[in-house]
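Inside the fold
These are the residues of each chain, in order.
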Amino acid sequence: MDDSLKYGDYQIPKGHESILTALYNHHEATALHSLTVAAYTKEFLESIGENKTDVKKGFLAALVHDAGKLAVPSELLNKKGILTEEEKALISNHTSGARAYLDGTIKESELGDEISIEGIDVFDIHVAESHHLPSEQIPYLTRCIEICDVYAALTENRMYRDPASMREALHTDRKSVV
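Residues numbered from 1 in each chain as written. Predicted model: local features only at pLDDT ≥ 70, side-chain atom pairs only at ≥ 80, totals over all residues. Heavy atoms only, no water.

Here we look at the overall build of the protein chain
Test applied: Numbering of helices and strands runs from the N terminus; a helix is a DSSP stretch of H or I covering at least four residues, while a strand is a stretch of E covering at least two. For every residue, the accessible area (1.4 Å probe, protein chains only) is compared with the maximum for its type, and the residue is labelled buried under 20%, exposed over 50%, or partly exposed between those bounds. For the area figures, the Shrake-Rupley method with a 1.4 Å probe applies, and any residue is considered shielded solely by the protein chains shown.
Looking only at helices and strands, one finds 9 helices and 4 strands in the protein chain. In the protein chain, the succession of helices and strands from N to C terminus is β-β-α-α-α-α-α-α-β-β-α-α-α. Counting every position in the protein chain, which comprises 178 residues, the buried fraction comes to 46%. On the protein chain, roughly 9,800 Å² of surface is accessible, and the fraction owed to carbon and sulfur atoms is 52%.

Structural notes on the pattern of salt bridges
Selection criterion: Salt bridges are identified by distance alone: a Lys or Arg side-chain nitrogen within 4 Å of an Asp or Glu carboxyl oxygen.
Counting across every chain of the model gives 6 salt bridges. Two residues, lysine 69 and aspartate 66, come together in a salt bridge whose shortest N-O distance is 3.7 Å. Classification of lysine 69 as buried rests on a relative accessible area of 9%. The partner of glutamate 87 in a salt bridge is lysine 79, and the shortest N-O contact between them spans 2.6 Å. For lysine 79, a relative accessible area of 24% translates into the label partly exposed.

Some thoughts on the packing of aromatic side chains
For clarity, the threshold we go by: Planes of paired rings set the category: under 30 degrees apart is stacked, over 60 is edge-to-face and the rest tilted, where pairs are Phe, Tyr or Trp rings (Trp by its six-membered ring) whose centres lie within 6.5 Å.
Overall, the coordinates contain 3 aromatic pairs when judged by the stated rule. In textbook terms, an aromatic cluster arises when at least three aromatic residues are bridged by ring pairs, as seen for Tyr7, Tyr10 and Phe59.

Written out as structure tokens, the structure is:
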């Protein structure tokens, strides 16, 4: 019996599975969000006619895009009510810890060139944005993941706010999302 993790026809690599398991054990909602973003990314890329290789690459990158949240205390991720500016900054900076969790867990060859821009981790678009990179310097698949990440973040129930409707999510400025 094959006990490996699958999504549709996709075999989930062990490194990705390890990160998802760690996320689930640390903060279940983050793991579920990662799965949602990956599913949205797959559907989005398929709907715009991307090739199967890029669809899978985008899906796998989206699965681990929030790995850096392993460095954010679960108490903060579970906080009810409005976040302080300091807490928002701590959560927003979760991407700086992503590489530490990804190194040694996932081989770069499993994801291809969509991993970094000159050493900047871009599993989560916030890093590229915080470095004020022009969109043409951000890999195409990463930009697609950002669209799905923001949409999911807006429409999911969060400890500190109710979910936005589809209409509200489509008309929200990306910069207002934690």
